[in-house]
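# Tertiary structure, described
For reference, the chains in residue letters:
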Amino acid sequence: MTEEKIYLYQRWLRLWHALNALFCLFLIATGISMQFSNPKVPLIRFDIAVSIHNIFGILLTINYLLFFFGNIFTWNGKHYRISVDGFYHRLLSQFRYYTRGIFKGEHPPFPVNKELKFNPLQQFSYVIIMYIMVPIIAVTGLGLMYPDFIPTQLLGISGLHLTDLFHVIVGFIISIFMFVHIYFCTIGKTPVSNFKSIVDGYHEPH
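These remarks concern the structure in this document. On a predicted model such as this, the values are computed, not experimentally measured, just so you know.

Glancing now at helix α2 (residues 46-73). Think of an α-helix as 3.6 residues a turn; residues three or four steps apart then line up on the same face. Compared with an ideal rise of 1.5 Å per residue, which puts 28 residues at 40 Å, α2 spans 40 Å between its outermost C-alpha atoms and is within 8% of the ideal. Those residues of α2 that sit buried are Ala 49, His 53, Phe 56, Leu 60, Asn 63, Tyr 64, Phe 67, Gly 70 and Asn 71. Packed against the buried residues of α2 are α1 (11-35), α4 (120-145) and α5 (159-184).

If you want it as structure tokens, here you go:
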């Protein structure tokens, strides 16, 4: 018997997700272009890449506020509240499934339902990315746009260089996460079912 689809992704969340993905792609492309700029053969001309990067950085920050306040005022926020009791063992169980169980055809230890949208590894990684990494990259990005607000020295190091270093490292981490996230989205009832769910809002159990 086919299990009934579960409505998990509210309209505002699907809008935020689509904009977030779009903005991130522009930021990754322009960020790489600036980082490995070659005046002779630029991926994107440096000054244009900087302008595009700044614009989409501001848009990403504004869009993040939709996510942040949306999670405060809707039921979606409950999925980001980690229950500490037994969390380590739940992480290990999910890790074992991803590294062994999935290849043996085992059922996932934490199937998606209305109360449990994320498995423990997803929940942990999403909290780290959305509540730590994204705020860091937004703050450091604004600092690089307005360097007069950055302290001249931090711990004996140039404040501007330190801010830039944090921005690049966190940007790299978020970029890797994005591509890993896309890969894991193929682990559903079908390789495209999870992508469909973020379009129509309904998760298809498997």
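Summarising the element assignment, Asn 119 is placed in the loop between α3 (87-99) and α4. Residue Asn 119 is classed as buried on the basis of its relative accessible area of 7%. For Asn 119, the contacting residues outside a window of four places in its chain are Gln 94, Tyr 98 and Phe 110.

All right, on to empty space enclosed by the protein then. Counted according to the given criterion, the structure contains 1 cavity of 30 Å³ or more. Its boundaries defined by the atoms lining it, the largest cavity holds a volume of some 30 Å³. Considering the residues around the largest cavity, the lining is formed by Lys 5, Ser 193, Lys 196, Asp 200, Tyr 202 and Glu 204. Among the elements that line the lining of the largest cavity, the one with the most residues is helix α6 (residues 193-200), at 3 residues. Its residues assigned to classes, the lining of the largest cavity comprises 1 nonpolar, 1 polar and 4 charged.

The subject of this paragraph is the pattern of salt bridges. The final tally for this structure, using the stated rule, is 4 salt bridges. Lys 78 is paired through a salt bridge with Glu 115; the nearest N and O atoms lie 3.1 Å apart. Linking Lys 78 in the loop between α2 and α3 with Glu 115 in the loop between α3 and α4, this pair joins segments that are 37 residues apart in sequence. On the basis of relative accessible area, Glu 115 is assigned to the exposed category, the value being 56%. The salt bridge partner of Glu 106 is Arg 96, with a shortest N-O separation of 3.1 Å. Here Glu 106 is found in the loop between α3 and α4, whereas its partner Arg 96 is found in helix α3, with 10 residues between them in sequence. Look at Glu 106 and you get partly exposed, because its relative accessible area is 31%.

Moving on, we get to the environment of Lys 117. Following the sequence through the fold, Lys 117 ends up in the loop between α3 and α4. Residues Lys 117 and Leu 13 lie 104 residues apart in sequence; the distance between their C-alpha atoms is 13 Å.

Membership of the largest hydrophobic core comes to 20 residues, with the highest contact counts inside it found for Phe 67, Tyr 80, Ile 129, Met 130, Val 134 and Ile 174. Looking at this core, the elements with two or more residues in it are α1, α2, α4 and α5. Tallying contributions element by element places α4 first for this core, with 7 residues. Ile 28, Phe 56, Leu 60 and Met 178 belong to the second largest nonpolar core, which has 7 residues in total.

So, on to the packing of aromatic side chains. With the rule as written, the count across this model stands at 18 aromatic pairs. Ring centres of Phe 67 and Tyr 131 lie 5.8 Å apart, and the angle between their planes is 50 degrees; this geometry places the pair in the tilted category. You can see Phe 67 sitting in helix α2 and its partner Tyr 131 sitting in helix α4, a full 64 residues away along the chain. When its relative accessible area of 0% is taken as the criterion, Phe 67 is described as buried. Between the aromatic rings of Tyr 80 and Tyr 131, the centroid separation amounts to 5.9 Å while the plane-to-plane angle is 70 degrees, which identifies the pairing as edge-to-face. With a gap of 51 residues between them, Tyr 80 in the loop between α2 and α3 and Tyr 131 in helix α4 connect regions that are remote in the sequence. Taking the relative accessible area as the measure of exposure, Tyr 80 reaches 12% and is therefore buried. Among the aromatic residues, those joined into a ring-pair cluster are Trp 16, Tyr 64, Phe 67, Phe 68, Phe 69, Tyr 80, Phe 118, Tyr 126, Tyr 131 and Phe 177.

Calculation criteria
The residue count restarts for each chain, going from 1 along the sequence in the order it is written. Given that the model is predicted, a residue must reach a pLDDT of at least 70 before its local features are reported, and side-chain atom pairs must reach 80 or more before they are shown or counted; all residues, however, enter totals for whole chains, interfaces and linings. Where side-chain values are given, they derive from all heavy atoms of the structure, hydrogens and water being excluded. Strands here are runs of E lasting at least two residues and helices are runs of H or I lasting at least four, both read from the DSSP assignment and numbered beginning at the N terminus. What a helix is expected to span follows from its residue count: subtract one and scale by 1.5 Å. Exposure classes here rest on a 1.4 Å probe applied to the protein chains alone. A residue is buried below 20% of its type maximum, exposed above 50%, and partly exposed in between. In what follows, residue pairs with any heavy atoms lying within 4.5 Å of each other are defined as contacts. Grid spacing is 1 Å over the protein atoms alone, the probe is 1.4 Å, and a cavity is where that probe fits but cannot get out, while a pocket is an open set with protein on both sides within 12 Å along at least five of seven lines and lining residues have an atom within 4 Å of a point. Grid points are joined across faces, edges and corners, and a volume is the space filled by probe spheres set on the points. Polar here means any residue other than Ala, Val, Leu, Ile, Met, Phe, Trp, Tyr, Cys and Pro, which are nonpolar, and Asp, Glu, Lys and Arg, which are charged; Gly is therefore polar. Any Lys or Arg side-chain nitrogen located within 4 Å of an Asp or Glu carboxyl oxygen qualifies as a salt bridge. We define the nonpolar core as a collection of buried residues of types Ala, Val, Leu, Ile, Met, Phe, Trp, Tyr and Cys that are connected through side-chain atoms lying within 4.5 Å of one another. Each pair of aromatic rings taken from Phe, Tyr and Trp, with Trp reduced to its six-membered ring, is defined by centres within 6.5 Å and is described as stacked if the planes are under 30 degrees apart, edge-to-face if over 60, and tilted in the remaining cases.

Everything listed here is a matter of geometry and, on its own, says nothing about what the molecule does.
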